[in-house]
Amino acid sequence: MGYKATTTPVQVGGTEYVTVAASQTAKVLGGAGAKGDLLSRLVVHVVTASTATVSITDGTTEIALFSANGGGGVRTESIELGIRAKVGPWKVTTGAGCSVIAIGQFSE
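The shown structure was predicted, so the numbers you read here are calculated from the model rather than taken from an experiment.

(A) Region of the structure containing the pattern of salt bridges. All chains considered together, the criterion is met by two salt bridges. Its salt-bridge partner being Glu80, residue Arg41 comes within 2.8 Å of it at the nearest N-O pair. Note that Arg41 is positioned in strand β3 (residues 38-46) and Glu80 in strand β6 (residues 75-84), a separation of 39 residues in sequence. Relative accessible area serves as the criterion here: at 26%, Arg41 is assigned to the partly exposed category.

(B) Just the confidence of the model for the protein, in detail. Looking at the protein as a whole, the pLDDT averages 87, with 86% of positions reaching at least 70. Predicted confidence in the protein is weakest over strand β5 (residues 62-67), with a mean pLDDT of 91, and strongest over strand β7 (residues 91-94), with 97.

(C) Summary view of the sheet that holds β3. One open sheet accounts for four strands, arranged β1-β8-β3-β6; its pairing is antiparallel. Whereas interior strands pair on both sides, the edge strands pair on one side only; in this sheet they are β1 (16-20) and β6. Across the sheet, the axes of successive neighbouring strands diverge by a mean angle of 20°, strand direction being ignored. Direction of pairing for β1 relative to strand β8 (residues 98-105): antiparallel, over a ladder of five bridges. Paired with Val20 across the strands is Val100, a residue of β8.

(D) Here's a closer look at the sheet that holds strand β2 (residues 27-28). Strand order across the open sheet formed by four strands is β2-β7-β4-β5, with antiparallel pairing between neighbours. Each end of this open sheet is capped by a strand with a single partner; those strands are β2 and β5. Of the strand pairs in this sheet, β2 and β7 are connected by two bridges, and their pairing is antiparallel. Paired with Val28 across the two strands is Lys91, which belongs to β7.

(E) Structural detail: the pairing of β8. With eight bridges connecting them, β3 and β8 associate as antiparallel partners. Among the inter-strand pairings, His45 is bridged to a residue of β8, identified as Ser99.

Thresholds applied
- The numbers attached to residues start from 1 for each chain and follow its sequence in the written order.
- Under the rules for a predicted model, residues below a pLDDT of 70 receive no local features and side-chain atom pairs below 80 are neither given nor counted, while totals for whole chains, interfaces and linings still include all residues.
- Side-chain calculation: all heavy atoms of the structure are included, whereas hydrogens and water are not.
- Each salt bridge in this description consists of a side-chain nitrogen of Lys or Arg and a carboxyl oxygen of Asp or Glu lying within 4 Å of one another.
- A run of DSSP states H or I qualifies as a helix once it reaches four residues; a run of E qualifies as a strand once it reaches two. Both are numbered from the N-terminal end.
- We call a residue buried when its accessible area falls under 20% of the maximum for its residue type, exposed when it is over 50%, and partly exposed in between, using a 1.4 Å probe and counting protein chains only.
- In predicted models, pLDDT denotes the confidence assigned by the predictor to each residue on a 0 to 100 scale.
- In this description, strands pair whenever DSSP reports at least two bridges between them.
- To obtain an axis, a line is fitted to C-alpha atoms, over the contacting stretch when the element is a helix, and the angle between two such axes runs from 0 to 180 degrees between their N-to-C directions.

Below is the structure:
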């Protein structure tokens, strides 16, 4: 078996992004969001480490994904997820010390 070159573009992860400002509570990803939406990646931009937290929910389960816990300084970190919403739209909550770019496929 050999490697075969192709001219077809390869799509990795999501095709859309949504920005989430600092201190947002349950920001819906996409216009309405829906069960089955894909959340590929979160890019977290930390400006104040002591208050940088990020959590996500898909309607029933809240998942704490990021807490800088006062460590480090201003930085950007990428969290690879590749998960689909089981119940409803993806929602992101951010602490005062960070903002997020959410990348995926979200229902409008």
